[in-house]
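What follows is each chain in one-letter form.
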Amino acid sequence: MDVSRWVVIYPVYINSKKTLAEGRRISTSKACDNPTVVEISDCCQYLKLPCAIELDKVYSRDNMQRGRVRVQLKREDKSLVNPAVPSRKVLLMRVAELVGKLQSRHKRPEPTASTSASTAPAGKSGKGGKKKK
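Residues numbered from 1 in each chain as written. Predicted model: local features only at pLDDT ≥ 70, side-chain atom pairs only at ≥ 80, totals over all residues. Heavy atoms only, no water.

### So, the packing of helix α1 (residues 37–46) against helix α2 (residues 88–101)
We count it as follows: Note on definitions: angles span 0 to 180 degrees between N-to-C directions of axes, and those axes are lines fitted to C-alpha atoms, for helices only across the stretch in contact. Per the convention used, a helix needs a DSSP run of H or I reaching at least four residues, while a strand needs a run of E reaching at least two, with both numbered from the N terminus. The cut-offs work like this: below 35 degrees is roughly parallel, past 145 is roughly antiparallel, 65 to 115 is roughly perpendicular, and the gaps in between are oblique. Should any heavy atoms of two residues lie within 4.5 Å, those residues are considered in contact. As a working rule, the residues Ala, Val, Leu, Ile, Met, Phe, Trp, Tyr, Cys and Pro are called nonpolar, Asp, Glu, Lys and Arg charged, and the rest polar, with Gly in that last group.
At their nearest, the axes of α1 and α2 sit 9 Å apart, and the two run at 110° to each other. It follows from the interaxial angle that α1 and α2 lie roughly perpendicular. Across the interface between the two elements, E39, I40, C43, C44 and Y46 of α1 pack against V95, L98 and V99 of α2. Class assignment of the residues belonging to the contact of α1 with α2 gives a composition of seven nonpolar, no polar and one charged.

Listed below in structure tokens is the structure:
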């Protein structure tokens, strides 16, 4: 199986925290917050699309984030693997939508009212005093 012909998805493509110049490929309203390659892979498997994680690869505009996912959209005879996902753009939209719905993202503990109140600044913070003329 030749995975070099498969579509590449870097997590930056569907990250709502990134700008278009930083590599985001879909609108922020449809994108998700800080997706990982494992989450993207899980979503591709849910869509019944063959995929392969490449952890040694790095996105050229962001060297700090490692990994990408290769996804097979079309078979060798040019027929679609999943007719519900006909293009790369649709794939990015569907994956971003599914990553946002993952249960692993909803299990994170939310800060309670008592902890958020204690971390809030009580009054002015920073340096005070008169400005120099």
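That shown, we press on.
### Description of the side chain of N82
The criterion, for reference: Any residue under 20% of the maximum accessible area for its type is buried, any over 50% is exposed, and the rest in between are partly exposed; the area is computed with a 1.4 Å probe on protein chains only.
When you line up the elements, N82 lands in the loop between β3 (62–71) and α2. The class of N82 is buried, set by a relative accessible area of 15%. Ignoring anything within four residues of it in the chain, the contact list for N82 reads L47 and L49.

### Description of the side chain of E54
To keep it simple, the criterion reads: Here a polar contact means two N or O atoms within 3.5 Å. Within protein one must be a hydrogen donor candidate and the other an acceptor candidate, and residues neighboring in sequence count only if both atoms are side-chain atoms.
Within the secondary structure layout, E54 lies in strand β2 (residues 51–59). By relative accessible area, E54 is classed as buried at 16%. A polar side-chain atom of E54 sits 2.4 Å from a polar atom in the side chain of R68. With residues near it in sequence (within four places) discarded, E54 still touches G67, R68 and R70.

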